[in-house]
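Report on the structure
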There are 2 protein chains.
Amino acid sequence: MRVREHTPADWPQVWPIVRDIVRAGETFTYDPAMTEEQAHDIWVKGPPAVTAVAVIDDRVVGSANAYANRPGPGAHVSTASFMVAAEARGKGVGTALCRFVMAWAKEQGFAGMQFNAVAASNHRAIDLYRRLGFEIVGTVPGAFHHPTLGRVGLHVMYCEF
Amino acid sequence: MRVREHTPADWPQVWPIVRDIVRAGETFTYDPAMTEEQAHDIWVKGPPAVTAVAVIDDRVVGSANAYANRPGPGAHVSTASFMVAAEARGKGVGTALCRFVMAWAKEQGFAGMQFNAVAASNHRAIDLYRRLGFEIVGTVPGAFHHPTLGRVGLHVMYCEF
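Per-chain numbering applies: the sequence of each chain, read as written, is numbered from 1 onward. Following the order in which they are written, the chains are lettered starting with A and the ligands numbered starting with 1. Local features in a predicted model are, by the rule used here, given only for residues with pLDDT of at least 70; side-chain atom pairs are given and counted only at 80 or more, and totals for whole chains, interfaces and linings are based on all residues.

Quick look at the overall build of chain A now. Within chain A, the secondary structure is distributed over four helices and seven strands. Relative to the globule expectation of 15 Å for 161 residues, the C-alpha radius of gyration of chain A, 15 Å, shows essentially globular dimensions. In terms of principal-axis extent, the alpha carbons of chain A reach across some 40 × 40 × 30 Å. A burial count over chain A gives 43% of its 161 residues as buried. Once local pairs closer than 6 in sequence are excluded, the contacts in chain A between residues at least 24 apart make up 57%. Runs of H or I in DSSP of at least four residues are treated as helices and runs of E of at least two as strands, each being numbered from the N terminus. Radius of gyration: over C-alpha atoms. The globule rule applied is 2.2 Å multiplied by the number of residues raised to the 0.38 power. The exposure scheme places C-beta atoms from the backbone and then counts, for each residue, the other C-beta atoms within 10 Å of its own, assigning buried at 20 or more, exposed at 12 or fewer, and partly exposed in between. Remark: residues whose backbone-derived C-beta atoms lie within 7 Å of one another are considered to be in contact.

The next point concerns the interface of chain B and chain A. On the side of chain A, 29 residues touch chain B, which itself brings 29 residues to the contact. Within the residue set of the side of chain B that touches chain A, elements represented by two or more residues are β5 (112-119), β6 (135-146) and β7 (150-160) of chain B. Of the residues forming the side of chain B that touches chain A, the biggest block, ten residues, is contributed by β6(B).

All names here are of chain A. Paired strands, in this sense, are two strands between which DSSP finds at least two bridges. Across the sheet, which stays open at both edges, the seven strands sit in the order β1-β2-β3-β4-β5-β7-β6 with mixed pairing between neighbours. Strand pairing shows two members of the sheet lacking a second neighbour, β1 (2-5) and β6 (135-146), which therefore form its edges. Direction aside, neighbouring strands of the sheet carry axes that sit 25° apart on average. Pairing analysis gives seven bridges linking strand β3 (residues 59-68) to strand β4 (residues 77-84), with the strands arranged antiparallel. In the strand pairing of β4, N65 is matched with S81. Axis geometry follows a simple rule: fit a line to the C-alpha atoms, using only the stretch in contact for helices, then measure angles between N-to-C directions, giving values from 0 to 180 degrees.

The next thing to look at is the relation of the copies chain B and chain A. Screw-axis analysis of chain B against chain A gives a translation of 0.0 Å along the axis, an RMSD of 0.0 Å, and a rotation angle of 180°. The symmetry that links the two subunits is that of a two-fold axis. Residue B:G138 of chain B places its C-alpha closer to the rotation axis than any other residue of that unit, at 2.1 Å. A shared interface surface links the copies, since 100% of the contact residues of chain B are contact residues in chain A too. Residues below a pLDDT of 70 in either copy are left out; the C-alpha atoms of the rest, at least 70 in both, set the least-squares superposition of the copies.

Another aspect to go through is the packing of helix α1 (residues 11-24) of chain B against helix α2 (residues 36-43) of chain B. When two helices pack together, their arrangement is given by the angle between the helix axes and the distance between those axes. Residues and elements named next belong to chain B. The N-to-C vectors of α1 and α2 enclose an angle of 100°; their axes lie 10 Å apart at closest approach. With respect to α2, the element α1 is oriented roughly perpendicular. Within the contact between the two elements, α1 uses W11, W15, V18, R19 and V22 and α2 uses E36, A39, H40 and W43. A breakdown of the residues in the contact of α1 with α2 according to their chemical character gives six nonpolar, one polar and two charged. To sort the angles, those under 35 degrees are grouped as roughly parallel, those over 145 as roughly antiparallel, those from 65 to 115 as roughly perpendicular, and the leftovers as oblique. Gly is put with the polar residues, along with every residue not named as nonpolar or charged; the nonpolar set is Ala, Val, Leu, Ile, Met, Phe, Trp, Tyr, Cys and Pro, and the charged set is Asp, Glu, Lys and Arg.

Here we take up the confidence of the model for chain A. Predicted coordinates in regions of low pLDDT should not be interpreted in detail. Here pLDDT means the predictor's own confidence in every residue, given as a number from 0 to 100. The share of residues in chain A with pLDDT of 70 or more is 100%, and the mean pLDDT across the chain is 98. Two summary scores accompany this predicted model of the complex, namely pTM at 0.97 and ipTM at 0.96.

Right, let's talk about the sheet that holds strand β1 (residues 2-5) of chain B for a bit. All names here are of chain B. Ordered in space as β1-β2-β3-β4-β5-β7-β6, the seven strands form an open sheet in which the pairing is mixed. At either end of the open sheet lies a strand with only one pairing partner, and these are β1 and β6. Within this sheet the neighbouring strands show an average axis-to-axis angle of 25°, counted without direction. Pairing of strand β4 (residues 77-84) with β5, which is carried by three bridges, proceeds in the parallel orientation. Bridge pairing links V77 to G112 in β5.

Attention now moves to the pairing of β6(B). Look at any regular strand and the pattern is simple: side chains alternate between the two faces of the sheet. All names here are of chain B. Here β6 pairs with β7 via eight bridges, running antiparallel. Bridged to H145 within β7 is R151. Linking β6 to β7, which pair antiparallel, is a turn of three residues.

All names here are of chain B. Mapping M113 onto the fold places it in strand β5. For the pair M113 and V152, spaced 39 residues apart in sequence, the C-alpha separation works out to 23 Å. The residues contacting M113, other than those within four sequence positions of it, are S78, T79, A80, M102, A105 and C159.

With that settled, consider unusual backbone geometry. Geometrically, the link from A:P47 to A:P48 is a cis peptide bond, its omega value of 5° lying close to zero. Structurally, the position occupied by A:P48 is in the loop between α2 (36-43) and β2 (50-56). For B:D58, which is not glycine, the phi torsion reads 65° and is therefore positive. With 7 C-beta atoms counted inside 10 Å, the residue B:D58 sits in the exposed group.

Let us now look at the pairing of β5(B). All names here are of chain B. Counting buried positions along β5 yields eight of eight residues, so the element is predominantly enclosed. Where the polypeptide runs from β4 across helix α3 (residues 93-107) and back to β5, its parallel neighbour, the crossover connection is right-handed. For β5 and β7, the ladder comprises six bridges, and the chain directions are antiparallel. Paired with A119 across the bridge in β7 is L154. Here the term right-handed applies to a crossover when the path leading from its first strand over the helix to its second strand runs clockwise, the strands being oriented away from the viewer.

As structure tokens, this is what we get:
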């Protein structure tokens with residue numbers, strides 16, 4: 001598996017991953033009815049942000065983006081998001097993507113990385129983030145409406161570099 | 001003092017309030033170099049959001065907006081922001097604006113209201129929010145660069161309705 005920066009030619013493989021995850025509504029606070037164009041605008045970020053893909057045998061199996069979490073007096077903290085194709089989960093793709101964007105954010109001089117809205121039911125992601133040094137800073141109770149579990153908390157997670 | 005919905009004719013009085021607060025860089029994670037047009041786009045929100053003004057003797061002394069904090073599975077939680085003119089602070093303007101948008105959000109059926117980034121040094125705002133039922137859910141350490149205090153925490157605050 002290789003993680004590298006996203007190129008425009010990757011989008012046809014990234015979109016189905018984004019589409020399926022957003023439509024499932026189990027992990028991201030995105031509109032499940034999002035169009036391909038809206039998804040591209042939200043997901044694929046040029047400089048000063050970065051978008052990356054994880055590739056196995058020339059096939060895109062995951063994607064990530066990272067950028068300043070807030071403008072102005074909050075611009076020294078980064079944020080990032082990750083999506084892994086259903087068929088590629090459990091293979092370390094998310095970990096590789098997270099390491100990639102953390103390295104990018106450190107290089108850019110960010111002071112840390114914050115995840116603003118991690119569904120408390122997304123144990124796989126939470127375990128992964130914890131292994132890489134993130135801590136749960138707090139949890140907004142019931143702030144995520146999971147399609148089968150109902151309202152679950154949304155964690156704010158942070159890793160200081 | 002009266003709080004009512006914002007109308008286009010209010011903007012010439014709202015903009016100097018927004019401009020001075022954003023340029024001071026002490027409370028909002030907005031770009032201090034924000035133009036008037038950018039500020040209008042960020043601050044004045046039409047339906048399904050609300051923008052309100054606090055008025056004393058036909059003079060606008062504060063403004064607030066409120067809307068869904070996140071799309072999709074997060075859309076049942078609202079968020080809001082408040083700005084009060086320097087010369088009108090300590091008169092209950094912020095409290096009146098906060099009560100107004102909380103009432104609006106309850107009417108709209110939101111489950112609660114979340115503030116995503118309250119500078120830990122903004123004691124006046126934190127005390128006000130606490131009096132109205134908000135709690136600090138967590139604090140991202142050093143996530144706000146205050147112009148004189150340096151890096152202070154950013155609180156996530158929440159009030160369940």
